[in-house]
Amino acid sequence: MRYVAAYCLVAHSGKTPSLKDLKKIIESVGIDFDSDRAKKVVDELAGKDLQEIFTEGEGKIGTMPCAAAGSAPAAAAGGAAEPAKKEEKKEEEPEEESDDD
């Protein structure tokens, strides 16, 4: 993802991104640079319009099932209701022993 982000930064500046550009950005923040991954990103995105790629991706995201996201509020609500379900245990006071000896 970092290589895609670096690619987008360079492309947004109006330049055609290169491995050298990605390396400069990645290493400027102290991250090790993997030239194989960067090359794959540059090769896959070369000559493509990023705006078209983003638009196409938005359409795909809209068709993805979101069951996990829908269950998160239910889990949070269940967690909040849990303390109400707990039965309060009444502590029985031990009977006092009488000193009738």
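Residues numbered from 1 in each chain as written. Predicted model: local features only at pLDDT ≥ 70, side-chain atom pairs only at ≥ 80, totals over all residues. Heavy atoms only, no water.

Draft legend 1. Region of the structure containing helix α2 (residues 19-28). The set of residues buried in α2 consists of D21, L22 and I26. Buried positions in α2, seen along its axis, are confined to an arc of 125° and lie on one side of it. Structural note: α2 exposes K20, K24 and S28 on the side pointing more than 90 degrees away from its buried face. In this fold, the buried residues of α2 make contact with α1 (2-12) and α3 (35-45). (Buried < 20%, exposed > 50% of the residue type's maximum accessible area, 1.4 Å probe, protein only. Helix = DSSP H or I, 4+ residues; strand = E, 2+ residues; numbered from the N terminus. Arc of directions from axis to C-beta. Contact = heavy atoms within 4.5 Å.)

Draft legend 2. Just the confidence of the model for the protein chain, in detail. Summing up the model confidence of the protein chain, the mean pLDDT is 79 and the portion of residues at 70 or higher is 65%. The least confident element of the protein chain, judged by mean pLDDT, is helix α5 (residues 67-85) at 54; the most confident is α2 at 95. (pLDDT = per-residue confidence, 0-100.)

Draft legend 3. Geometry of the environment of K20. Mapped onto the elements, K20 comes out in helix α2. Residue class for K20 comes out exposed when judged on its relative accessible area of 70%. K20 sits 18 residues away from A38 along the chain, and the two C-alpha atoms are 9.6 Å apart.

Draft legend 4. Geometry of the packing of aromatic side chains. Using the criterion set out here, one finds one aromatic pair in the structure. Ring geometry for Y3 and F33: centres 5.9 Å apart, planes at 70°, overall edge-to-face. Of this pair, Y3 sits in helix α1 while F33 sits in the loop between α2 and α3, and the two are 30 residues apart along the sequence. (Phe/Tyr/Trp six-rings, centres within 6.5 Å; stacked < 30°, edge-to-face > 60°.)

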